[in-house]
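# Descriptive analysis of the structure
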Amino acid sequence: MSELPGIVVTGASGRMGQMLIRTVAASEACRLVGATVREGHDWIGRDVGEAMGGAALGVTVTDDALEAFSHAQAVIDFTSPAATVEFAGLAAQARCVHVIGTTGMGEDDLARIAAAARHATIIRAGNMSLGVNLLMKLTRMVASALDADYDIEIVEAHHNRKVDAPSGTALMLGEAAADGRGMRLADVRDAARDGITGARKRGDIGFSAIRGGDIIGEHDVIFAGEGERLVLRHVASDRSLFAKGAVKAALWGQGKKPGEYDMLDVLGL
Ligand SMILES: NC(=O)C1=CN([C@@H]2O[C@H](COP(=O)(O)OP(=O)(O)OC[C@H]3O[C@@H](n4cnc5c(N)ncnc54)[C@H](OP(=O)(O)O)[C@@H]3O)[C@@H](O)[C@H]2O)C=CC1
Ligand SMILES: O=C(O)C1=N[C@H](C(=O)O)C[C@H](O)C1
């Protein structure tokens, strides 16, 4: 019988990194074979389960990503744009499926990931949950049914440690809304209102970001018309939601041709 796919988790000490370690270790469909952290991190050389304050998991934390990837079939990566771009090259070299949850990527980062996807299977999504990916489909549908008399506003709320705004999810929802209207988000995006902004421009898609406490992730897509308002909402109440989606993506990616995929592909939506 062949072995279960081996998975490496990058950024193992992070909020999502620790959640992913627990999720992969508990899965009956894959094995945890590696855990990486930044160079100089004080977890290096320790068992990752113990470093997290729990039972040993038999995996030693390392900062040698390429060596760790070379023993794996998939890498799950929720870190930072700079780290993810580097890992994309290393995962391609090691012929691993690369699941990317990292948000806040710039044009340049995305171009480098697209280049890596010429040789590697990459699955990237700003949100790995079933609910948000369904919400994208609904958003596209409603945006195409309602004309620009309905102003589209996307409001997102996250914990006070989040470093990027608008969230990756909000941008995915914005892309879906723009697509539903036959527009490019770049042409209608309004994400920075402050001061005397002038009246709202018809057809724009607005973004607002709330940051506070331990909010895991909440997204509203508002269609505001005259005399009525339609609100589509997703609330994440447990980070394991994202980790389970990422594991599903890593397993789905096994044997897939090189290219860039998303969670709509994984979930068959
Ligand atoms: N797609 C999805 O479903 C979801 C996406 N996310 C995204 O995942 C990312 C991580 O979120 P979260 O876990 O909350 O953040 P954290 O800050 O808790 O974790 C990030 C981890 O990445 C590590 N890291 C950052 N830069 C580097 C680098 N250059 N080299 C090596 N390691 C690095 C950090 O290490 P150190 O602490 O040493 O800097 C840390 O361990 C964010 O972009 C977030 O938006 C989050 C949840 C769901
Ligand atoms: O940083 C987070 O926490 C989250 N980030 C993702 C995003 O930017 O949309 C997904 C989720 O909302 C949590």
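In the annotation of an unreviewed UniProt entry, the protein chain is listed under the name 4-hydroxy-tetrahydrodipicolinate reductase and assigned to Celeribacter indicus. Under the heading Function (unreviewed entry), UniProt records this for the protein chain: "Catalyzes the conversion of 4-hydroxy-tetrahydrodipicolinate (HTPA) to tetrahydrodipicolinate." On record in UniProt, under Subcellular location (unreviewed entry), the comment for the protein chain is "Cytoplasm".

## Thoughts on the layout of surface pockets
Reported here for the largest pocket is a volume of approximately 1200 Å³. In this structure, the largest pocket is lined by 46 residues; those nearest its centre are Met 16, Phe 78, Thr 79, Ser 80 and Thr 102. If you list the elements that add at least two residues to the lining of the largest pocket, you get helix H1 (15-26), helix H3 (65-69), helix H4 (81-93), helix H7 (168-180), strand E10 (217-224) and strand E11 (229-236). It is H4 that contributes the most residues to the lining of the largest pocket, five residues altogether. Classifying every residue of the lining of the largest pocket by side-chain character gives 15 nonpolar, 21 polar and ten charged. Two domains each provide a minimum of three residues to the lining of the largest pocket, namely domain 1 (6-128 + 239-267) and domain 2 (130-236). There is about 870 Å³ of room inside the second largest pocket.

## A closer look at the pattern of salt bridges
Once the charged atoms of two side chains with opposite charge are near each other, the side chains can pair. Scanning all chains against the criterion turns up twelve salt bridges. One salt bridge in this structure joins Glu 3 and Arg 31, with 3.5 Å as the shortest N-O distance. Taken together, the positions of Glu 3 in the segment before strand E1 (6-9) and Arg 31 in strand E2 (residues 31-36) put the pair 28 residues apart, joining distant regions of the chain. Looking at Arg 31, the relative accessible area reads 27%, which means it is partly exposed. The network of salt bridges with common partners includes Asp 151, Glu 153, Asp 190, Arg 193 and Arg 200.

## Quick notes on the UniProt feature "binding site: (S)-2,3,4,5-tetrahydrodipicolinate" (unreviewed entry) in the protein chain
In the numbering used here, UniProt assigns the feature "binding site: (S)-2,3,4,5-tetrahydrodipicolinate" (unreviewed entry) to His 159, Gly 168 and Thr 169. Within the annotated group just given, the residues that line the largest pocket are His 159, Gly 168 and Thr 169. One can find Gly 168 in helix H7. For Thr 169, the position within the fold is in helix H7. Residue Thr 169 is classed as buried on the basis of its relative accessible area, which comes to 3%.

## Re unusual backbone geometry
Residue Ala 165 is joined to Pro 166 through a cis peptide bond whose omega torsion reads -10 degrees. Phi at Arg 95 is positive, roughly 60 degrees, even though this residue is not glycine. Along the chain, Arg 95 falls in the loop between H4 and strand E5 (97-100). For Arg 95, a relative accessible area of 72% corresponds to the exposed category.

## A few points about the site of ligand 1
Around ligand 1, the surrounding shell holds 21 residues, and the nearest of these are Arg 15, Met 16, Arg 38, Ser 80 and Thr 103. Residue Lys 162 places a side-chain N or O atom 2.8 Å away from an oxygen atom belonging to ligand 1. In isolation ligand 1 exposes 930 Å². Once the protein is present, 77% of that is buried. Of all the cavities here, the one that holds ligand 1 is the largest pocket. Along the lines of polarity and charge, the residues of the shell around ligand 1 split into six nonpolar, eleven polar and four charged.

## With respect to the nonpolar core
Counting 37 residues, the largest nonpolar core has Val 48, Ile 76 and Val 99 as the members making the most contacts within it. Elements that contribute at least two residues to this core include exactly E1, H1, E2, helix H2 (48-51), strand E4 (74-77), E5, helix H9 (240-252) and helix H10 (263-267). In terms of residues, this core owes the most to one element, H9, which gives six residues. Setting aside chain neighbours within four positions, we find Val 48 in contact with Ala 12, Ile 21, Leu 32, Ala 35, Trp 43, Leu 57, Val 59 and Val 61. Of all hydrophobic cores here, the second largest spans 22 residues; its members include Ile 152, Met 172, Val 188 and Ile 205.

## A word on the pairing of E11
Pairing of E10 with E11 involves eight bridges; the strand directions are antiparallel. Paired with Phe 223 across the strands is Leu 230, a residue of E11.

## Quick word on the site of ligand 2
The immediate surroundings of ligand 2 are formed by Thr 103, Gly 126, Asn 127, His 158, His 159, Lys 162, Ser 167, Gly 168, Thr 169, Ile 216, His 219 and Phe 242. Contact between ligand 2 and His 159: an oxygen atom at 2.8 Å from a side-chain N or O atom of the residue. At 2.5 Å, a side-chain N or O of Thr 169 approaches an oxygen atom of ligand 2. For ligand 2, whose unbound accessible area comes to 320 Å², protein coverage reaches 85%. According to the grid-proximity analysis, the pocket containing ligand 2 is the largest pocket. Looking at the shell around ligand 2, you find at least three residues from each of domain 1 (6-128 + 239-267) and domain 2 (130-236).

Reading the values: rules and limits
Residues numbered from 1 in each chain as written. Chains lettered and ligands numbered in written order. Predicted model: local features only at pLDDT ≥ 70, side-chain atom pairs only at ≥ 80, totals over all residues. Heavy atoms only, no water. UniProt positions renumbered as here; feature names shortened; annotations may be inferred. 1 Å grid on protein atoms, 1.4 Å probe; cavity = no way out; pocket = protein on both sides within 12 Å on 5 of 7 lines; lining within 4 Å. Points joined across faces, edges and corners; volume = space filled by probe spheres on them. Helix = DSSP H or I, 4+ residues; strand = E, 2+ residues; numbered from the N terminus. Nonpolar A, V, L, I, M, F, W, Y, C, P; charged D, E, K, R; others polar. Domains from an automatic or database assignment. Salt bridge = Lys/Arg side-chain N within 4 Å of Asp/Glu carboxyl O. Buried < 20%, exposed > 50% of the residue type's maximum accessible area, 1.4 Å probe, protein only. Near = heavy atom within 4 Å. Polar contact = N/O pair within 3.5 Å; in protein donor to acceptor, adjacent residues only side chain to side chain. Areas by Shrake-Rupley, 256 points an atom, 1.4 Å probe, with all protein chains shown as cover. Sits in = over half its atoms within 2 Å of the grid points. Core = buried A, V, L, I, M, F, W, Y, C linked by side-chain atoms within 4.5 Å. Contact = heavy atoms within 4.5 Å. Pairing = 2+ DSSP bridges.

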